[in-house]
Amino acid sequence: MDKLRRLVITCVAAGTALALGALVLVPVVQLFAGATHNAAVAEPLKLRPLNLPSKVVDSKGNLLAVLQDSDYRAPVKLNQVPPTVVHAVLDAEDATFYQHGALDFRSILRAFKSDVSSGGVVQGGSTITQQLVKNAVLNSERSVNRKLREAVLAYRLEQQMSKDQILERYLNTVYLGNGAYGVQAAAQTYFARDVAALDPAQAALLAGLIRNPVGYDPLHHPAGAQERRNQILDGMVLNGHLTSAQADGYKTTPVPSTVNQPASQQDSPFVADVKASLLDVTDHRFDFLGTSAPERVNSLNKGGLTITTTLDPDMQRNAEAAVAARLPDTGGKFTSAVVSMDPANGYVRAIVSGNPGSSHGYDVATGRGGGGRQPGSSFKPFVLMAALENGYSPNDSIDGTAPCTIQYPGSRPYVANNAEPGGGVLNLWDATADSVNCAYIRLGVDVGLPKVVDVAHRMGIPAKVRLAASPSLSIGTYEVTPLEMASAYSTLAADGVHHAPSFVEKVTDSSNNVDFGGADKGDRVVSAQNSRVVTQALQGVVQRGTGTAAALSDRPVAGKTGTTDNLANAWFVGYTPQLVTAVWMGSPAGLVPMYGVGGVNVFGGTYPARIFHDFMSSTLSGQPVVNFAAPDPSQIGPGRFLIAQDSPGALTSPLPPPPPPPPPGTPPPPPPPGLIPPPTPPTTRPATTAPPPPPPPPPPTTQQSTTTTTSSTTTTQPPQHGTQSPPSN
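Computed from a predicted structure; not experimentally measured.

Conventions adopted
- Residues numbered from 1 in each chain as written.
- Predicted model: local features only at pLDDT ≥ 70, side-chain atom pairs only at ≥ 80, totals over all residues.
- Heavy atoms only, no water.
- Phe/Tyr/Trp six-rings, centres within 6.5 Å; stacked < 30°, edge-to-face > 60°.
- Helix = DSSP H or I, 4+ residues; strand = E, 2+ residues; numbered from the N terminus.
- Buried < 20%, exposed > 50% of the residue type's maximum accessible area, 1.4 Å probe, protein only.
- Disulfide = S-S within 2.5 Å.
- pLDDT = per-residue confidence, 0-100.
- Contact = heavy atoms within 4.5 Å.
- Pairing = 2+ DSSP bridges.
- Axes fitted to C-alpha atoms, helices over the stretch in contact; angles between N-to-C directions.
- Parallel < 35°, antiparallel > 145°, perpendicular 65-115°, else oblique.
- Left-handed = near helix turned anticlockwise from the far one by under 90°.
- Nonpolar A, V, L, I, M, F, W, Y, C, P; charged D, E, K, R; others polar.
- Salt bridge = Lys/Arg side-chain N within 4 Å of Asp/Glu carboxyl O.

Draft legend 1. Highlighting the packing of aromatic side chains. Applying the stated criterion across every chain, the model contains 11 aromatic pairs. Where Y575 meets F628, the ring centres are 5.6 Å apart and the plane angle is 80°; that geometry is what we call edge-to-face. With Y575 in strand 17 (residues 569-575) and F628 in the segment after helix 22 (607-620), the pair connects residues that are 53 residues apart, well separated along the chain. For the pair formed by Y575 and F628, the shared burial category is buried. The structure contains a cluster of three or more aromatic residues connected by ring pairs, namely F379, F382, Y489, Y575 and F628.

Right, here's the structure in full:
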C-alpha cells in the first residue's frame, strides 16, 4: 500500500510539474516533443569550445610557452581520471548517471517538491548531462524557461555523445574554485599533484566544490568544506565505493589551507614578439582570432590553439652564442641585437633582443616597447638602388672629397665629413666598398631624396617609419629596427622580391584544423637586375671594404657596415642567398658613445661584423654553397661623371680643358711688373675630362676569412650651421 501511495504522489507531482511547464513555455514543450523524432536530432548540438590554454612551439615542435588567463585549465582524458575521483563526483552529483537517460525524473520530482514548499523556481535535480548543457550551451540563469530548455538540449546531447564522452567533457569543464576549471587543474591547485594521484579524501573535497565553489572553499570556509567533503565520503560508503572504516579515516584528513597557483610565466623576447604580432589588429591575416584586441586575447588564452612559430632553435642558439662570444663584457652597458630571417618566405628564424628581459620592456631587435636606431651607412644600399632605377650606373664617378656642404632646398646648409682626409673622385663600386659619406650624400641629392625614401619603403622599411627627404637620409639618420633592416635586405637576397617578416608559420585549433598557414607569397618591388648589381657592390664591402671581418671562408657574402655619430650605434647587415642577418650594437638605454669598448672604438666593421661572421658560419655549416646570381653586364652602363650639387670649392664638374699651347718658338709673355715669372709649364697636361673609372669588380668566386677591421668613415657637423648631427659610416 505504501508503495502504491508513493507512486500516486509521484505521478501527481510529475503531472503538475509538466502541466506548469507547458503553461509557462508551450513552444519549448513542443520542441521537446519534436525532439523524439530523428529529424529533430539529426543536426548535432554545438557545445561551446572547451576553454583551453594555447601552446606556442618553435618550428621543430618544441614548447616555448603556454598562453592562458588567470583561470587554470588542464584537460585530461577520462582514462586518466582514477575511479576514486569518478565515483566521488558521480556520488555527489548524479549517482545513477550510467543508468538513466538525459533526465533523472526521480531527482526532478524531489527538487520540484522542495521548490514548491520553498516558493522558489525550479532548481536542482540536474543530471551530469544537464549540467554540461548549462555550462557549455546555456548559462546559469535560474528560471523555468532555462530549465525546460536545458532538458530538451540534454536529450539531444545524449543522442550524439556517449556517456563516457559526456562525463569526460564535464570533468574538464566544471568550475572548482580559485580559478581552476576541471579536475586536473583543481588537483594541481589544491594538492599540487595530478588527478591520478588523488586519494578518496581529496577526491571528495573536489566533488564537494562542484555545488558551491565559493561556499565550500577550504581556504575561506574550512568548516563548510570539511562538512561537505564528509557528506560525500558517506555517499561513497552508501554506494559501495568505500567502507565505513575507510571513510572515517579519511574524515580526519585536514582540508587544504593554501592553493598552488601556476607559476607566472616569463615570456622570452621571441614569444613576446609572437604575441605582439598576433594581437596586431592591423594584420588581417589573424582576423580568425577576432577583429579587436580583447577578442584576440580571449582566443589566445582560451582557444586551445597550437601556434607554430618560425623560430629555428638551432639558429637561436647560434645567435646567442655568437653574441656571448664576441660581445665584450661591459656589465650590460652595451648589448647586441640580432635578427635573422629566411629571404625566401620572410620567416624570422632567430632573434636576440639587445635588451635582456625585454619581454616586458624595450626590444631593440623589433622596436617593441620603444623605437628604432639610426642605421648609419647600412642605409646606403637604398640610395644605390634608387640611383640604378633612375638610369645611373655603378661605373658612374662622383666626388667623395670632404668636407661636403649641401644646401638643400628648404633646409639650412648640411655639412658632413669622412673619417679620413680626401676621398676624391671614385666610382660607385668603390664609394660603396669604402663607405664614403660625401660621395653618397651627393649621390642621394643628385638622384632625388624622395626617390630614396620610396625605394626604402618598397624594399621593406614600413610606411609608418618616418624617412624625410633631407641630405642626411643617405647616411642613415632616421631610426629603423634590426628587423626592418633585415626585411629590407632580404629583398636583395631574394632578387628583388620582398616577403613581409613573419613570426608565425601555422596556427591550428584544438581539433587540429588549420586556421592559418603558408608563407607570404611575396611581391616584386625592385628588378632582379638592379638587385644583383647592388648585391655585387655589397660583396665588395665584404671582400675589400669596411666589412671584411664578416667574410665567410666557404661562400660569398654581401653586406654593409653602419656606424653613427660618436659611435653610438654600430651595424652590420648582410646576407647569403639562403639567410639574411642584421646585427646591431649599442646601449639599450640610449645614445652612448662606444670609444675604447674592449680596447676597440666600435664601428660596424668590428664587433657587429664578427658576430655576423660567427653566427652565419655556424648556421650555414654543412649547407650547400649557393652563389649570388650575377647581373647582366650588358645592362650596366659605362659610367659618367656626376656633377654634384655642393658648396663652392668642391669638385662639381670635370676639370676644364687647358689653354692651347703657343706656336713653336713663341717666347713666353713677360710677367707683370713686380711679379716672379711663372715656372715653365709641365710637359704633361691635365686631362680634359675626368679619368675613365675602373671596370666593375667581377662577381666573387671565393671569400677570404679575415678579422681585419677597416674603419668606416665618420661625419662632423660644425655648430655654426645649426644642422642635425649626421651619422658616420
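Draft legend 2. View of the environment of A321. Within the secondary structure, A321 is located in helix 15 (residues 313-326). Accessibility expressed as a relative area gives 45% for A321, which makes it partly exposed. Spatially, the C-alpha atoms of A321 and D614 are 8.6 Å apart, while their sequence positions differ by 293 residues.

Draft legend 3. Quick peek at the state of the cysteines. Per the counting criterion, the structure on display carries one disulfide. Through a disulfide, C404 is tied to C438; the S-S separation comes to 2.2 Å. The S-S bond linking C404 to C438 shows a torsion near -85°; that makes this disulfide left-handed. A residue pair is termed long-range when its members are at least 10 positions apart, and C404 in strand 9 (residues 404-406) and C438 in helix 18 (residues 437-447) qualify at 34 residues. Like C404, the residue C438 is buried in the burial classification.

Draft legend 4. Structural context of the confidence of the model for the protein. With 77% of its residues at a pLDDT of at least 70, the protein reaches an overall mean of 82. The low-confidence segment residues 3-41, where pLDDT is below 50, has 32 contacts with residues more than four positions distant or belonging to other chains. Counting interchain partners and residues more than four positions distant, the pLDDT-below-50 stretch residues 647-658 has 21 contacts.

Draft legend 5. A look at the pairing of strand 17. Burial analysis of strand 17 places seven of its seven residues in the buried class, which makes it a mostly covered element. Going residue by residue along strand 17, you find N569, W571, V573 and Y575 tucked away on one face and A570, F572 and G574 tucked away on the opposite face as well. Pairing analysis gives six bridges linking strand 16 (residues 558-563) to strand 17, with the strands arranged antiparallel. Within strand 17, the position partnered with A558 by the bridge is Y575. Where strand 17 meets strand 18 (residues 580-586), seven bridges bridge the pair, whose relative direction is antiparallel. Within strand 18, the position partnered with V573 by the bridge is A582. Between strand 17 and the antiparallel strand that follows it, strand 18, lie four residues.

Draft legend 6. Just the sheet that holds strand 14 (residues 514-517), in detail. Taking strand neighbours across the sheet as the criterion, the five strands line up as 2-1-5-13-14 in an open arrangement whose pairing is mixed. Bordering the open sheet on either side are strand 2 (63-67) and strand 14, each of which pairs with just one other strand. When the angles between neighbouring strand axes are averaged without regard to direction, this sheet yields 15°. Examined bridge by bridge, strand 1 (residues 54-57) and strand 5 (residues 306-309) share three bridges and lie parallel to one another. Paired with V56 across the bridge in strand 5 is I307. Contacting strand 1, strand 2, strand 5 and strand 13 (504-508), helix 13 (residues 269-278) runs over the sheet at an angle of about 115° to strand 5.

Draft legend 7. Quick peek at the sheet that holds strand 7 (residues 348-353). The strand order across the open sheet built from five strands is 7-6-18-17-16, with neighbouring strands paired in antiparallel fashion. Looking along the sheet, the strands with just one partner apiece sit at the ends: strand 7 and strand 16. The sheet shows a mean angle of 10° between the axes of neighbouring strands, taken without regard to direction. Pairing of strand 6 (residues 335-341) with strand 7 involves five bridges; the strand directions are antiparallel.

Draft legend 8. Quick peek at the environment of P375. Relative to the helices and strands, P375 is located in the loop between strand 7 and helix 16 (380-389). Along the primary structure P375 and G562 are separated by 187 residues, whereas in three dimensions their C-alpha atoms are 5.9 Å apart. The contact partners of P375, leaving out residues within four places of it in the chain, are G476, Y478, V480, M485, G562, T564 and W571.

Draft legend 9. Up close: the packing of helix 10 (residues 200-209) against helix 11 (residues 222-238). Running from amino to carboxyl end, helix 10 crosses helix 11 at an angle of 110°, the nearest separation of the two axes being 8 Å. In this view, helix 10 runs roughly perpendicular relative to helix 11, as classed from their interaxial angle. In the packing of helix 10 onto helix 11, the handedness of the crossing is right-handed. Touching P200, A201, A204, L205, A207 and G208 of helix 10 are A225, R228, R229, I232 and L233, all from helix 11. Its residues placed into classes, the contact of helix 10 with helix 11 shows eight nonpolar, one polar and two charged.

Draft legend 10. A look at the pattern of salt bridges. For the structure on display, the rule yields 19 salt bridges. Notably, a salt bridge pairs R458 with E389, separated by 2.7 Å at the nearest N-O pair. With R458 in helix 19 (residues 449-459) and E389 in helix 16, this pair connects stretches of sequence that are 69 residues apart. For E389, a relative accessible area of 31% puts it in the partly exposed group. Of the charged contacts in the structure, one is a salt bridge between D430 and R544, with a shortest N-O distance of 3.0 Å. With a gap of 114 residues between them, D430 in helix 17 (residues 428-433) and R544 in helix 21 (residues 528-544) connect regions that are remote in the sequence.

Draft legend 11. Representation of helix 16. Most of helix 16 sits out of view: nine of its 10 residues are buried. The inward-facing, buried residues of helix 16 abut helix 17, helix 18, helix 19, helix 20 (482-493), helix 21 and strand 16. Just downstream of helix 16, G391 is the residue with a positive phi angle, here 90°.

Draft legend 12. Spatial organisation of unusual backbone geometry. Omega for the peptide link from A402 to P403 comes to 0°, which places this bond in the cis form. Among the secondary structure elements, P403 is positioned in the loop between strand 8 (397-399) and strand 9. Despite not being glycine, S435 shows a phi value in the positive range, around 55°. Positionally, S435 belongs in the loop between helix 17 and helix 18. Of the residues examined, S435 reaches a relative accessible area of 0% and is grouped as buried. Even without being a glycine, D495 presents a positive backbone phi close to 60°. As for its position among the elements, D495 is in the loop between helix 20 and strand 12 (497-498).

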